[in-house]
Amino acid sequence: MKLSVKKYFDQLLQTYPALKPCQSDIIAAFNLLAACYRNKGKVLACGNGGSAADAEHIVGELMKGFILKRPVNASERQKIMALHPGDGAFLADNLQRALPAISLTSHTALITAYANDVHADMIFAQQVFGFGKPGDCLIGLSTSGNSANVLNALKVANSFGLQTLGMTGEGGGKLKGLCDVTICAPARAAAGVQEFHLPVYHTLCCMVEE
């Protein structure tokens, strides 16, 4: 791991020493996400309640500059300028390189229709089936590790060649047995689990971006 990447990991453990039992899983999660992006994959993320907000948060950090500015490269700028010389500089200056990611919690019309017409426990599974490609990564967040709609999404991801990263609480629940990598925060209450999840996924986003 490059020193410029490792500094974020070291800072996480210094600030949150309770996460030291999770350090090998956090490194494994970084390697999984880095491989996904090196292979031109994308990240899908899902969860319920506060974990739905965390899924949105993760995508927000990946899809635009987080710590780094991520300007477009010369080739991309040239393509824009060639077609739009008048405002090409504005467009190019205000675009940022993205790490492709989709929050499955965001598609209100689809998930409410699927819950009403088919089954609420399959809302994320359907999106994984529709969006997912081999080599993509699904991040499933569940503080209990037992959220049925998240578990079903992970099962579909496993069936169709996606890598799977679980973020849950102490013990891992059923989620742990379905994921390639699982980070089990050292807490049981939902609020406590989520308070650990935020610095972990912030750190992973920093590491992958670097």
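Residues numbered from 1 in each chain as written. Predicted model: local features only at pLDDT ≥ 70, side-chain atom pairs only at ≥ 80, totals over all residues. Heavy atoms only, no water.

1. Remarks on the overall build of the protein chain
Here is step 1 of the chain: On a plain count of helices and strands, the protein chain comes out with nine helices and five strands.
Here is step 2 of the chain: The linear arrangement of helices and strands in the protein chain, starting from the amino end, is α-α-β-α-α-α-β-α-α-β-α-β-β-α.
Here is step 3 of the chain: In terms of overall dimensions, the protein chain is globule-like: its C-alpha atoms have a radius of gyration of 18 Å, near the 17 Å expected for 210 residues.
Here is step 4 of the chain: Over its C-alpha atoms, taken along the principal directions, the protein chain stretches across nearly 55 × 50 × 30 Å.
Here is step 5 of the chain: In the protein chain, which comprises 210 residues, the proportion classed as buried is 46%.
Here is step 6 of the chain: Within the protein chain, counting contacts between residues at least 6 apart in sequence, those at least 24 apart form 71% of the total.
Here is step 7 of the chain: For the protein chain, the accessible surface area stands at approximately 10300 Å², while carbon and sulfur atoms represent 57% of it.
Here is step 8 of the chain: On the protein chain, the mean spot of the 18 positive side-chain charges and the mean spot of the 16 negative ones are 6 Å from each other. (Helix = DSSP H or I, 4+ residues; strand = E, 2+ residues; numbered from the N terminus. Rg over C-alpha atoms; globule rule 2.2 N^0.38 Å. Buried < 20%, exposed > 50% of the residue type's maximum accessible area, 1.4 Å probe, protein only. Contact = heavy atoms within 4.5 Å. Areas by Shrake-Rupley, 256 points an atom, 1.4 Å probe, with all protein chains shown as cover. Lys, Arg positive; Asp, Glu negative; His and termini not counted. Charge placed at Lys NZ, Arg CZ, Asp CG, Glu CD.)

2. Points about helix 2 (residues 23–38)
Here is step 1 of the chain: The terminal C-alpha atoms of helix 2, which comprises 16 residues, lie 22 Å apart, in line with the 22 Å expected from a rise of 1.5 Å per residue.
Here is step 2 of the chain: Along helix 2, the positions that sit buried rather than exposed are Ile26, Ala29, Phe30, Leu32, Leu33, Ala34, Cys36 and Tyr37. (Expected span 1.5 Å × (residues − 1).)

3. Section: the packing of helix 1 (residues 3–15) against helix 9 (residues 190–209)
Packed helices, taken two at a time, are described by the angle between their axes plus the distance between the axes.
Here is step 1 of the chain: Two elements in contact, helix 1 and helix 9, have axes separated by 8 Å at closest approach and are oriented at 170 degrees. With respect to each other, helix 1 and helix 9 are oriented roughly antiparallel. Note on element contacts: helix 9 touches helix 1 through Pro199, Val200, Thr203, Cys206 and Met207, opposite Val5, Tyr8, Phe9 and Leu12.
Here is step 2 of the chain: Classifying every residue of the contact of helix 1 with helix 9 by side-chain character gives eight nonpolar, one polar and no charged. (Axes fitted to C-alpha atoms, helices over the stretch in contact; angles between N-to-C directions. Parallel < 35°, antiparallel > 145°, perpendicular 65-115°, else oblique. Nonpolar A, V, L, I, M, F, W, Y, C, P; charged D, E, K, R; others polar.)

4. Considerations on the pairing of strand 4 (residues 163–168)
Here is step 1 of the chain: Most of strand 4 sits out of view: five of its six residues are buried.
Here is step 2 of the chain: By the bridge criterion, five bridges tie strand 3 (residues 137–141) to strand 4 in an arrangement that is parallel. The partner of Cys137 across the bridge, within strand 4, is Gln163.
Here is step 3 of the chain: As for the winding sense of the linkage, the β-α-β connection from strand 3 through helix 8 (residues 148–159) to strand 4 is right-handed.
Here is step 4 of the chain: Alignment of strand 4 against strand 5 (residues 181–184), held across four bridges, turns out to be parallel. Residue pairing for strand 5: Gly166 is matched across the bridge by Thr182. (Pairing = 2+ DSSP bridges. Right-handed = clockwise from strand over helix to strand, strands pointing away.)

5. Brief notes about the environment of Ser142
Here is step 1 of the chain: Positionally, Ser142 belongs in the loop between strand 3 and helix 8.
Here is step 2 of the chain: Judged by relative accessible area, which is 2%, Ser142 ranks as buried.
Here is step 3 of the chain: Counting along the chain gives 99 residues from Ser142 to Val43, while the straight-line C-alpha distance between them is 17 Å.
Here is step 4 of the chain: Aside from chain neighbours lying at most four places away, what touches Ser142 is Ser51, Ser147, Met167, Thr168, Gly169 and Leu175.
Here is step 5 of the chain: Separated by 3.4 Å, the side chain of Ser142 and the backbone nitrogen of Asn146 make a polar contact. (Polar contact = N/O pair within 3.5 Å; in protein donor to acceptor, adjacent residues only side chain to side chain.)

6. Some points on the sheet that holds strand 5
Working definition: the strands of a sheet are paired by backbone hydrogen bonds and lie parallel or antiparallel to each other.
Here is step 1 of the chain: Strand order in the open sheet formed by five strands is 2-1-3-4-5, and the pairing between neighbours is parallel. Two strands in the sheet have a free side with no partner beyond their single neighbour: strand 2 (101–103) and strand 5. Each adjacent strand pair in this sheet contributes to an overall mean axis angle of 15 degrees, direction not counted.
Here is step 2 of the chain: The pairing of strand 1 (residues 43–46) with strand 3 spans four bridges and is parallel. The residue of strand 3 that forms the bridge with Val43 is Cys137.
Here is step 3 of the chain: Strands in contact with helix 2 are strand 1, strand 2, strand 3, strand 4 and strand 5; relative to strand 5, the strand with the most contacts, it is inclined by about 140 degrees.
Here is step 4 of the chain: Across the sheet, helix 9 touches strand 3, strand 4 and strand 5, and the angle it forms with strand 4 is around 140 degrees.

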